[in-house]
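# Summary of structural features
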Amino acid sequence: MSATERDEILAALASPAVTAPTRAALLARLDARYERQHFTEAEFDRLRAVAVRLVPHDPAELDLSGLIDHRLQLRQTDGWRFADTPPDGQAYRELLAALPTNFEILAPEAQDATLHDLQRRHPHTFEDLLAELTEGFMAHPLTQYRFGYAGFMDAPGWPQVGPNELEAREIRYGK
Amino acid sequence: MANDLRASLTDLDVLVIGTRAGGAPLLARLASAGLRVAALEAGVRHKPAEMPTDEVAQASLFWMDERLSAGKDPLAFGRNNSGRGVGGSTLHYTAYTPRAQPDDFQLFQEFGEGVDWPLEYADLAPYYDEVEAFLGVSGPADYPWGPPRNQPYPHPALPLNGAALLMERACHELGLRTFPAANAALSRPQQQEGYGLRPACSNRGFCQAGCSTGAKASLDVTYLALAEARGAVIVSGAQVTNLIREGGRVVGAHYRQGDQMLSVRAERVVLAAGAIETPRLLLLGGLASGSGQVGRNFMAHVGVQVWGLMDDDLRPYKGIPGGLISEDTHRVPGLVGGYLLQSLGVMPVTYATQYARGGGAWGAALTEHLSHYNHVAGINVLGECLPYEHNFLELSNELDGRGLPKPRIHFSFGDNERRMSAHAEALMRELWARIGAREVWALPRAAHTLGTARMGHDPVSSVTDPFGRVHDEPGLWICDNSTFPSSLSVNPSLTQMALSLRTADALIGDLVTDWVRVGA
Ligand SMILES: Cc1cc2nc3c(=O)[nH]c(=O)nc-3n(C[C@H](O)[C@H](O)[C@H](O)COP(=O)(O)OP(=O)(O)OC[C@H]3O[C@@H](n4cnc5c(N)ncnc54)[C@H](O)[C@@H]3O)c2cc1C
Ligand code: SF4
């Protein structure tokens, strides 16, 4: 995250267009980092290698793999799972173990080929992991800034809702 | 405080379990009639002003105890379904509130498939009027589908957002009629007994993550506020683990609050925990087992969505997400029943995770697509789902964090649902193509939880009578989506609230008869 990006995100979050509970949630997420607790070091390294291929991101900016580890450690679920898969933590472990042993050192294109194969062989767990990474990615203030998402600045409401009817703060924010 | 609460939970006439569309209007009706009533609600209170405009931070609005999804079309629960909280899933519903049409209740008569309801549209019509007026539903004058209204919608229709305006244009090009949808969010301020002034909707578009202004008619700011103002007690954070049966009657419930196990008794118990938790509690207690119908006939509406990427800057986070409707596909030649079309605004995380699950794309293709979030518009359908032998809920051997067996829900589309989904997808693809969408993709999907304790006249084939009395379990009533004998091709909440008031009136009648009999 460049210094400009960070400044613009912080300025937007500080503005009166953001409600206090919204600001608190997004500020906490902006710099969230998690200590690995659930996975082994080897598993976690592999998870991270998979994660950057599935949802391209810089782990130094967005700790998407840490977020998954953290959730599993807290034993939280998203409310359901496919009946033919084991509980989330175990399912993810098995998914990672199904990759070739040298996955981390493969070239990116070769990694992607093994991931396509993984998606075919374990469609349900693959889908769950992809969705969880995507959620962490899209919910992050940095992604939202880069995609020009301004929906959190809603305290004054949005009097204009038709196509191309933008408020100044929507035009100004993001790339 | 604890003692006050305990005192208020003695000598109860009626205990209600769950505070959604089945439990809340009934609770208010009974309290208004002067009865001593209380509700146990597993979730906590979510005050509007404390709600962040953020989907992940609002995950606690949803029922997150793990459910197991089986079958050929396994259903997503969690953020895709049931609620948890004072007000249940109305805290996160889109607030689309169309009425069912008269023929929805008589599917078997019309097609020789599905089942008929043991009641008619005319039985519900006065309750529909009452609920719409009380919630403050916004809607158009001259709605063309269904019987003529006795009274106009209490408030004018809400403004249409980008997706709604594009869908309107596309439908008109194809010759389909559209109207602004009935939506239980206010287009004008309204005074609400027990809550105060609810403001007009400010178009902040986050209805599915909770309305932070009180504009949306979730039950906490409407019927539950009224219920408490009229003397009902609502115990939050209280999850029922089992019903109490003594001397052949259901007389109360055991519940867990924090780490305490408590119990409460009442003359009548109303189970209103939703179409998954209600049959789960019945199966756990071996209750209402006479018909063998508990957990059977699980239904979820055909709910395929089609998304288009547009040149226009649409900002899908703005405006009421439930904006435009067409019921011109209410009957489609070759299908049993039909469906309706609704426009979709969408919040970013919901859109992104749906695309990830439904599109199968990952890597740069995924993030590139998501970077165009501001340009997406959606249409979704809501269509009839027939009851089938192969769709049911059972208890699994796996225990959840509370030590209770997780429910396993089997769901597979039948032939009619598959054909309906294909028909709807083709139509929506054509709509978006008409107005020059750049990229169009479809998310096959099913939504809402229905059935599992169906009502009917015959105790052999149904769990409750047409008012919600459980046939073979004196003292116990059911009032939630689980009693739906067929799915109806509309969003369920308005009909459920109407049914709730109707059940309340029957329940009051029963109690009065009892008291007259014992000379109280
Ligand atoms: C995103 C979204 C949008 C929707 N939009 C609409 C819409 O526009 N219009 C519409 O009509 N419908 C809409 N719905 C559907 C509807 O609101 C419900 O989600 C659906 O019908 C399923 O609810 P349910 O029957 O499981 O009940 P729930 O909403 O889950 O209600 C059950 C209540 O009982 C409580 N409970 C459950 N078990 C216990 C227990 N053991 N002890 C104590 N309390 C308990 C729960 O906490 C909850 O409050 C929408 C749903 C979703 C997910
Ligand atoms: S769009 Fe309106 S009803 Fe929906 S959350 Fe916002 S203010 Fe509430």
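Quick note: structure is the one above.
Residues numbered from 1 in each chain as written. Chains lettered and ligands numbered in written order. Predicted model: local features only at pLDDT ≥ 70, side-chain atom pairs only at ≥ 80, totals over all residues. Heavy atoms only, no water.

Attention now moves to the overall build of chain B. When its secondary structure is counted, chain B shows 11 helices and 20 strands. Relative to the compact-globule value of 24 Å for 520 residues, chain B shows a C-alpha radius of gyration of 22 Å, a close match. With the principal axes as the frame, chain B shows a C-alpha extent of 70 × 50 × 50 Å. For chain B, the proportion of its 520 residues judged to be buried stands at 65%. Within chain B, contacts between residues separated by at least 24 positions form 74% of all contacts whose residues are at least 6 apart in sequence. Split by element, the accessible area of chain B, about 16800 Å² in all, is 51% carbon and sulfur. Separation between the mean location of the 43 positive side-chain charges and that of the 54 negative ones in chain B comes to 3 Å. (Helix = DSSP H or I, 4+ residues; strand = E, 2+ residues; numbered from the N terminus. Rg over C-alpha atoms; globule rule 2.2 N^0.38 Å. Buried < 20%, exposed > 50% of the residue type's maximum accessible area, 1.4 Å probe, protein only. Contact = heavy atoms within 4.5 Å. Areas by Shrake-Rupley, 256 points an atom, 1.4 Å probe, with all protein chains shown as cover. Lys, Arg positive; Asp, Glu negative; His and termini not counted. Charge placed at Lys NZ, Arg CZ, Asp CG, Glu CD.)

Contacts between the two partners involve 51 residues from chain A, matched on the other side by 58 residues from chain B. Taking both partners together, chain A and chain B bury about 4400 Å²; carbon and sulfur atoms supply 59% of that area. Summed over the shared surface of chain A and chain B, the result is 9 salt bridges. Our count for the chain A to chain B interface comes out at 27 residue pairs in polar contact (both at pLDDT 80 or more). Secondary-structure elements contributing two or more residues to the side of chain A that touches chain B are helix H2 (20–30), helix H3 (41–54), strand S1 (80–82), helix H6 (108–121) and helix H7 (123–138) of chain A. The greatest single-element share of the side of chain A that touches chain B, amounting to 9 residues, is contributed by H7 of chain A. In terms of residue class, the side of chain A that touches chain B is made up of 26 nonpolar, 13 polar and 12 charged. (Buried area = accessible area lost by both parts, 1.4 Å probe. Salt bridge = Lys/Arg side-chain N within 4 Å of Asp/Glu carboxyl O. Polar contact = N/O pair within 3.5 Å; in protein donor to acceptor, adjacent residues only side chain to side chain. Nonpolar A, V, L, I, M, F, W, Y, C, P; charged D, E, K, R; others polar.)

Below, the discussion takes up the pattern of salt bridges. Applying the stated rule across the entire model yields 49 salt bridges over all chains. A salt bridge links Glu66 of chain B to Arg81 of chain A, with the nearest nitrogen and oxygen atoms 2.7 Å apart. Of this pair, Glu66 of chain B sits in the loop between strand S2 (37–41) and strand S3 (67–70) while Arg81 of chain A is found in strand S1, placing the two residues in two different chains. Of the two residues, Glu66 of chain B and Arg81 of chain A, neither departs from the other in class, the shared state being buried. Between Asp103 of chain B and Arg331 of chain B there is a salt bridge; the shortest N-O distance is 3.3 Å. Pair noted here: Asp103 of chain B is in the loop between S3 and helix H3 (107–111) and Arg331 of chain B is in the loop between strand S13 (324–326) and strand S14 (339–344), with a separation of 228 residues, a long-range link. With relative accessibility at 23%, the residue Asp103 of chain B sits in the partly exposed group. It is possible to trace a salt-bridge network through shared partners that takes in Glu5, Glu61, Arg146 and Lys175 of chain A.

Among the nonpolar cores identified, the biggest contains 110 residues, and Leu27, Leu30, Phe105, Leu135, Tyr223, Leu341 and Trp432 of chain B are the most heavily contacted of them. No other element matches helix H11 (residues 493–518) of chain B, which puts 10 residues into this core. Excluding residues that lie within four positions of it along the chain, Tyr223 of chain B makes contacts with Ala24, Pro25, Ala28, Glu130, Val131, Phe134, Leu135, Met497 and Leu501 of chain B. Counting residues in each nonpolar core, the second largest holds 64 residues, with Val18, Phe152 and Val161 of chain A together with Leu366 of chain B among its members. (Core = buried A, V, L, I, M, F, W, Y, C linked by side-chain atoms within 4.5 Å.)

What follows concerns the environment of Gly148 of chain A. Position of Gly148 of chain A relative to the elements: it lies in the loop between helix H8 (141–146) and helix H9 (168–172). Under the relative-accessibility criterion, Gly148 of chain A is labelled buried at 4%. Measuring from C-alpha to C-alpha, the distance between Gly148 of chain A and Gly174 of chain A comes to 4.2 Å, with 26 residues separating the pair along the chain. Gly148 of chain A has contacts with Tyr173, Gly174 and Lys175 of chain A together with Arg315 and Asn374 of chain B, leaving out every residue within four places of it along the chain.

Mapped onto the elements of the fold, Leu54 of chain A is located in helix H3. The spacing of Leu54 of chain A and Asn102 of chain A is 48 residues in sequence and 18 Å in space, taken between C-alpha atoms. Those residues in contact with Leu54 of chain A, other than ones at most four positions away along the chain, are Leu115, Phe126, Leu129, Leu130 and Leu133 of chain A together with Trp362, Gly363 and Leu366 of chain B.

This part is about the packing of aromatic side chains. For the coordinates displayed, the defined rule picks out 23 aromatic pairs over all chains. Centre to centre, the rings of Tyr149 of chain A and Phe152 of chain A are 6.1 Å apart; their planes meet at 45°, and the pair counts as tilted. Residue Phe152 of chain A is classed as buried on the basis of its relative accessible area, which comes to 2%. Here a set of aromatic residues connected by ring pairs shows up, and it is made of Tyr145, Tyr149, Phe152, Trp158 and Tyr173 of chain A together with Trp307, Tyr317, Tyr351, Tyr355, Tyr373 and Trp441 of chain B. Its end group placed over the ring of Tyr153 of chain B, Arg149 of chain B keeps NZ or CZ at 3.7 Å from the ring centre. When the ring centre of Phe392 of chain B is taken as origin, the NZ or CZ atom of Arg296 of chain B, which lies over that ring, is 4.9 Å away. (Phe/Tyr/Trp six-rings, centres within 6.5 Å; stacked < 30°, edge-to-face > 60°. Lys NZ or Arg CZ within 6 Å of the ring centre and 35° of its normal.)

Residues and elements named next belong to chain A. As a packed pair, helix H4 (residues 64–73) and H7 sit with axes 9 Å apart at the nearest point and diverge in direction by 115°. With respect to H7, the element H4 is oriented roughly perpendicular. At the point where H4 passes H7, the crossing takes the right-handed sense. Note on element contacts: H7 touches H4 through Leu129, Glu132, Leu133, Gly136 and Phe137, opposite Leu64, Leu67, Ile68 and Arg71. Taken together, the residues that form the contact of H4 with H7 break down as 6 nonpolar, 1 polar and 2 charged. (Axes fitted to C-alpha atoms, helices over the stretch in contact; angles between N-to-C directions. Parallel < 35°, antiparallel > 145°, perpendicular 65-115°, else oblique. Left-handed = near helix turned anticlockwise from the far one by under 90°.)

These figures capture arrangement, not role.
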